[in-house]
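Single-letter residue listing:
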Amino acid sequence: MQIAVITGGSSGIGAALARLLAERGWRCVLLARGREQLERVAKEVGGEAEPCDVGDRTQVEEVVDRVGERHPAVHLLVNNAGLTRRKGFLELPPEQIEEMVRTNYLGGVWCLLAFLPLLEAGRPSDIVNVVSVAGTVAHGSSGPYAAAKHAQLAFSRATTVELAPRGIRVHTVNPGPVETPGFPQRMLLERPLVRRVVLTPERVAEAVLRSVEHNRAEVIVPRFLRLAGAVQALAPASLARLVSRAGGRAGALPDRERRPR
Ligand SMILES: NC(=O)c1ccc[n+]([C@@H]2O[C@H](COP(=O)([O-])OP(=O)(O)OC[C@H]3O[C@@H](n4cnc5c(N)ncnc54)[C@H](OP(=O)(O)O)[C@@H]3O)[C@@H](O)[C@H]2O)c1
């Protein structure tokens, strides 16, 4: 049986992917911090729950030990766990900037390193890093999130090359805005002209699976958003100003409105 490990598997894109893979006969091991919701989704997909903060290297290594006892080989790792605060560097408390880097960037690094022996045992195997269009475009109003996603994108691209000789394929999926519990897109959904840009988690889950099935190194969903990265490369300051003014705060919620964990 094919074994998939999905970080952030209790909600949004990760939960949609777990459902899709389970339909295709995969056994899914789901990682997230909140135990109750994690166990609920794991039960729903006939999978396994492993409560874990991916930003904590020791916790990740302990999970790998437990998973390795049950499954000597892993065939797919999806680094999907992530969070946003939609605030700038001057607004966000330092500990939340650190949390953003630990979760959105380092979490994927620790999972890749710790799961590597199990992925090698499962060769040919795949890793998918769920990054973001925010990894290709920086603007003022979500600077710490974009910075962590830029780091995650560089990590993903570098390991695509580094792991190829080991028979492990690394794919990058960069979604645009997706309506999920942790990333509510209320303000975009309220604007008739841009509403259609907002994706469902199921659409991103399909893009993740396609990237593996068609061995695509890097995909952007929806495809036209690749333009954003190109414009940023050619005119970074103008694009940053435009995005910050037009929609950088779209969907921003005061902290008290965020869902509790
Ligand atoms: N939604 C969007 O607009 C969008 C766009 C582009 C990219 N993305 C990326 O897609 C990924 C999934 O986001 P989503 O939209 O599906 O959000 P979501 O519904 O909030 O799901 C996030 C998942 O990550 C888990 N998580 C958060 N911090 C964690 C940590 N430190 N350790 C382990 N698990 C952790 C959450 O569970 P716990 O809180 O219980 O740990 C949850 O299962 C993220 O990497 C995000 O950056 C999202």
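Just so we're clear, the structure is a prediction, and the values are computed from it rather than from any experiment.

## Focus: helix α2 (residues 35–44)
Here is step 1 of the chain: Along α2, the positions that sit buried rather than exposed are L38, V41 and A42. The buried residues of α2 occupy one face: seen down the axis, they fall within an arc of 100 degrees. Exposed residues lying more than 90 degrees from the buried face of α2 are E36, R40 and K43.
Here is step 2 of the chain: In this structure, the buried residues of α2 make contact with α1 (12–23), β2 (27–32) and β3 (48–51).
Here is step 3 of the chain: In the segment just after α2, G46 is the residue with positive phi, at about 65 degrees.

## With respect to unusual backbone geometry
Here is step 1 of the chain: The step from R123 to P124 runs through a cis peptide bond, and the omega angle for that step is -5 degrees.
Here is step 2 of the chain: In this structure, P124 sits in the loop between α4 (94–121) and β5 (125–130).
Here is step 3 of the chain: Of note, the amide linkage connecting V221 to P222 takes the cis form, showing an omega dihedral of -10 degrees.
Here is step 4 of the chain: Structurally, P222 is set in the loop between β7 (218–221) and α8 (226–234).
Here is step 5 of the chain: The backbone of R86 shows a phi angle near 50 degrees, a positive value even though the residue is not glycine.
Here is step 6 of the chain: On the basis of relative accessibility, which here comes to 10%, the residue R86 falls in the buried class.

## Some words on the sheet that holds β5
Here is step 1 of the chain: With parallel pairing, 7 strands are arranged side by side in an open sheet as β3-β2-β1-β4-β5-β6-β7. With one partner strand each, in any of the chains shown, β3 and β7 form the two edges of the open sheet. Ignoring strand direction, the axes of neighbouring strands in this sheet form an average angle of 15 degrees.
Here is step 2 of the chain: As paired elements, strand β1 (residues 3–7) and strand β4 (residues 76–79) share 3 bridges and run parallel to each other. Note that in β4 the partner of V5 across the bridge is L77.
Here is step 3 of the chain: Sitting on the sheet, helix α3 (residues 57–70) is in contact with β2 and β3, with an inclination near 160 degrees to β3.
Here is step 4 of the chain: Along the sheet, helix α5 (residues 143–163) makes contact with β4, β5, β6 (168–175) and β7, crossing β6 at roughly 155 degrees.

## Comments concerning the pattern of salt bridges
Side-chain pairs of opposite charge can arise whenever the charged atoms involved come near each other.
Here is step 1 of the chain: Here the structure, examined in full by the defined rule, presents 12 salt bridges.
Here is step 2 of the chain: Among the salt bridges present, the one from R24 reaches E213, with a minimum N-O distance of 3.1 Å. Placement of the pair is R24 in the loop between α1 and β2 and E213 in helix α7 (residues 201–213), with a sequence separation of 189 residues.
Here is step 3 of the chain: With a relative accessible area of 48%, E213 lands in the partly exposed category.
Here is step 4 of the chain: Notably, a salt bridge pairs D126 with R169, separated by 2.8 Å at the nearest N-O pair. Of the two residues, D126 is situated in strand β5 and R169 in strand β6; the sequence distance between them amounts to 43 residues.

The rules we used
- Residues numbered from 1 in each chain as written.
- Predicted model: local features only at pLDDT ≥ 70, side-chain atom pairs only at ≥ 80, totals over all residues.
- Heavy atoms only, no water.
- Buried < 20%, exposed > 50% of the residue type's maximum accessible area, 1.4 Å probe, protein only.
- Helix = DSSP H or I, 4+ residues; strand = E, 2+ residues; numbered from the N terminus.
- Arc of directions from axis to C-beta.
- Contact = heavy atoms within 4.5 Å.
- Pairing = 2+ DSSP bridges.
- Axes fitted to C-alpha atoms, helices over the stretch in contact; angles between N-to-C directions.
- Salt bridge = Lys/Arg side-chain N within 4 Å of Asp/Glu carboxyl O.

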